[in-house]
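Results of the structural survey
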Amino acid sequence: MLQSKLFCKTQKEKSADSSSVSHDLLVRAGFVDQLMAGVYTYMPLGFKVLQKVECIIREEMEKAGGQEILMPVLHPKENWEKTGRWDSLDILFKVKGGGEKEYALGPTHEEVVSPLAKKFVLSYKDLPFSVFQIQTKFRDELRAKSGILRTREFLMKDFYSFHSDQSDLDKFYDKMAKVYANIFKRAGIGKQTYQTLASGGSFSKYSDEFQTVTEAGEDIIYVCSKCKIAINREIKEENQFCPKCKNSEFETKKSVEVGNIFKLGTKYSAPFDLKFRDKDGIEKPVLMGCYGIGLGRVLGAVVEISHDEKGIIWPAEIAPFSAHLIQIENTPKVLKTAQKLYTDLQKENIEILYDERQDKTAGEKFADADLMGIPYRIVVSERTLKQDSVELKERSKSSAKLVKIKQLSKILK
RNA sequence: CGGGGUAUGGUGUAAUGGUAGCACGAAUCGUUUGGGACGAUUUAGUCUCAGUUCGAAUCUGAGUACCCCGACCA
């Protein structure tokens, strides 16, 4: 991608409304744009990151056996009345069609996936199975805040599993916990993300949240001083000991919930009459689990954790580009070399953002590069070309080194 | 939803009742080119509606929007 063509502008000044580090940096670097409170556009750079997060999640969900589907955003009122959530769920967006008919905008999809499963699950032979989707969700949050960390419209992966008995659900649930840990590790927030025992809401007694520790978070968790498990403040009173190692010493941390997993049991299979026949021909309710991840939150949490005073520092696997190629001085030799490098590296499937702007000074280009946070910065200038080299600098490190042009693609791969 | 705050060019800000100014950005020209370079010329603004006043960015009222604290958060 040529930087002069990139649909975005970086901003030098901190925005007056920025409410968190991630908000400020993502706006200034041109990754997102706010339309209204809690509603954002992902600009090309931000969308690239979002798609990479999506890619990781999709890969892991498929590995876990999930089949991807796409359910509607527009839901019939009846389904939500059936579970009682039309009236009780305060964040539910309700919309009216032309003829006074009412609909819900999907905040989650138990009300759709359960009746869907009922059409296809008849026998124990149809179980277990799981489906997932990655789709925009709508929640009428009374208060949107912290930039993209808490929004009214957001991309979410929701995964639903269906089981014939409790032990199968339990086993699958534990497996998903591990899959989740791996996703957050790949996204670059593994170290700061804790599996956290939390309230089950209206579903079950407990659920597990995945909480990423950051000052911008709105939850308080107690992290076990011995193992990597935490307890959400909302249930701390009833749980004085670590659920894993029974230790009673905890560290208090602020955190943001990037994902969660629930054992739904029969909570939704019951109202939708989702049953199957077992080997003995006896009718039994299907047991369900659901597993969510907020993609925008993951993105925001990464920025909260991985940045410095100059800008974002993207982890390699979700960075919008692998390398940021910058030319300094517009001499014919520099231009020619940089352009060739740009096409050559792309041929090797290395994603390059090429700052080919000739009317910007070196300082401005460096500042933009630091703000955008692409993992590698490649500088081509007369100075480096004297040694048949380019300068290679990792965004996360302070020093740069000269690398022979021929060796560059090997290092980047 | 309760409470608080704010609203001035694209962005960040100044102007406490009397000429809307500065910086960044953007545009043109020239000089520059290893950390947001320099000069010249230009561009663009008082959230909306009503009121007070000779005169309103400034005071009053209503509305709207955004931000913060709290409550809420399958």
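Residues numbered from 1 in each chain as written. Chains lettered and ligands numbered in written order. Predicted model: local features only at pLDDT ≥ 70, side-chain atom pairs only at ≥ 80, totals over all residues.

**Digging into the protein's contact with RNA strand B**
Around RNA strand B sit 46 residues in total, of which Ser19, Ala37, Gly292, Ala362 and Gly363 are the nearest. Secondary structure elements with two or more residues in the surface near RNA strand B: strand 13 (250–265), strand 16 (287–294), helix 9 (362–372) and helix 10 (382–385). Residue contributions to the surface near RNA strand B peak at eight residues, all from helix 9. Among the residues forming the surface near RNA strand B, the class breakdown is 15 nonpolar, 16 polar and 15 charged. (Near = placed C-beta within 6 Å. Helix = DSSP H or I, 4+ residues; strand = E, 2+ residues; numbered from the N terminus. Nonpolar A, V, L, I, M, F, W, Y, C, P; charged D, E, K, R; others polar.)

**Here's the deal with the nonpolar core**
Among soluble globular proteins, nonpolar side chains are generally buried collectively. Val53, Ala187, Val298, Leu299, Val302, Leu325 and Ile374 are the most contacted members of the largest nonpolar core, which has 87 residues in total. Each of domain 1 (7–308) and domain 2 (321–412) gives at least three residues to this core. With residues near it in sequence (within four places) discarded, Val298 still touches Val53, Ala187, Val258 and Ile293. Core analysis: the second largest hydrophobic core is formed by eleven residues, Tyr194, Val223, Ala230 and Ile231 among them. (Core = buried A, V, L, I, M, F, W, Y, C linked by C-beta atoms within 7 Å. Buried ≥ 20, exposed ≤ 12 C-beta atoms within 10 Å, placed from the backbone. Domains from an automatic or database assignment. Contact = placed C-beta atoms within 7 Å.)

**Things to note about the pairing of strand 20 (residues 352–355)**
Judged by which residues are buried, strand 20 turns out to be covered on both faces: Ile352 and Tyr354 on one side and Leu353 and Asp355 on the other are all buried. Direction of pairing for strand 19 (residues 323–327) relative to strand 20: parallel, over a ladder of four bridges. Residue pairing for strand 20: His324 is matched across the bridge by Leu353. Each parallel crossover has a hand, and for strand 19 linked through helix 8 (residues 332–347) to strand 20 it is right-handed. (Pairing = 2+ DSSP bridges. Right-handed = clockwise from strand over helix to strand, strands pointing away.)

**Quick word on the sheet that holds strand 23 (residues 400–404)**
The five strands lie next to each other as 20-19-21-22-23, forming an open sheet whose pairing is mixed. The outermost strands of the open sheet, each flanked by one partner alone, are strand 20 and strand 23. Within this sheet the neighbouring strands show an average axis-to-axis angle of 25 degrees, counted without direction. When strand 21 (residues 376–380) meets strand 22 (residues 389–394), the two strands line up antiparallel, connected through four bridges. Residue pairing in the sheet places Arg377 in a bridge with Lys393 of strand 22. Here helix 8 sits on the sheet in contact with strand 19, strand 20 and strand 21, set at roughly 165 degrees to strand 19. Packed on one face of the sheet, helix 9 meets strand 19, strand 20 and strand 21 and runs near 175 degrees to strand 19. (Axes fitted to C-alpha atoms, helices over the stretch in contact; angles between N-to-C directions.)

**Details of the domain arrangement of chain A**
Along its sequence, chain A is organised into domain 1 (7–308) and domain 2 (321–412). For domain 1 and domain 2, the distance between their C-alpha centres works out to 39 Å.

**Observations regarding the packing of helix 2 (residues 44–63) against helix 7 (residues 295–305)**
One way to put it is that helix 2 packs onto helix 7 with a least axis distance of 10 Å and a crossing angle of 110 degrees. In this view, helix 2 runs roughly perpendicular relative to helix 7, as classed from their interaxial angle. Considering the relative orientation of helix 2 and helix 7, their crossing is right-handed. Residue-level contacts link Val49, Leu50, Val53 and Glu54 of helix 2 to Leu295, Val298 and Leu299 of helix 7. (Parallel < 35°, antiparallel > 145°, perpendicular 65-115°, else oblique. Left-handed = near helix turned anticlockwise from the far one by under 90°.)

**Brief notes about the environment of Arg58**
As for its placement among the helices and strands, Arg58 is situated in helix 2. The spatial distance from the C-alpha of Arg58 to the C-alpha of Ile134 is 8.3 Å, given a sequence separation of 76 residues. Once residues lying within four places of it in the same chain are set aside, the contact partners of Arg58 are Glu68 and Ile134.

**A word on helix 5 (residues 110–118)**
Looking only at helix 5, the buried set comprises Glu110, Glu111, Val112, Val113, Ser114 and Ala117. Buried residues along helix 5 sit in contact with strand 4 (74–76), helix 3 (77–82), strand 7 (129–138), strand 8 (153–163) and strand 16.

**Details of the environment of Ile56**
Topologically, Ile56 is positioned in helix 2. Taking the C-beta count within 10 Å as the criterion, Ile56 has 20 such neighbours and is therefore assigned buried.

**Digging into the sheet that holds strand 5 (residues 93–96)**
Read from one edge of the open sheet, three strands run 4-6-5, paired in antiparallel fashion. The two strands at the open ends of the sheet, each matched to only one other strand, are strand 4 and strand 5. Geometrically, the sheet is characterised by an average inter-axis angle of 40 degrees between neighbouring strands, direction not taken into account. Pairing of strand 4 with strand 6 (residues 102–105), which is carried by three bridges, proceeds in the antiparallel orientation. Bridging from a neighbouring strand, His75 pairs with Ala104 of strand 6.

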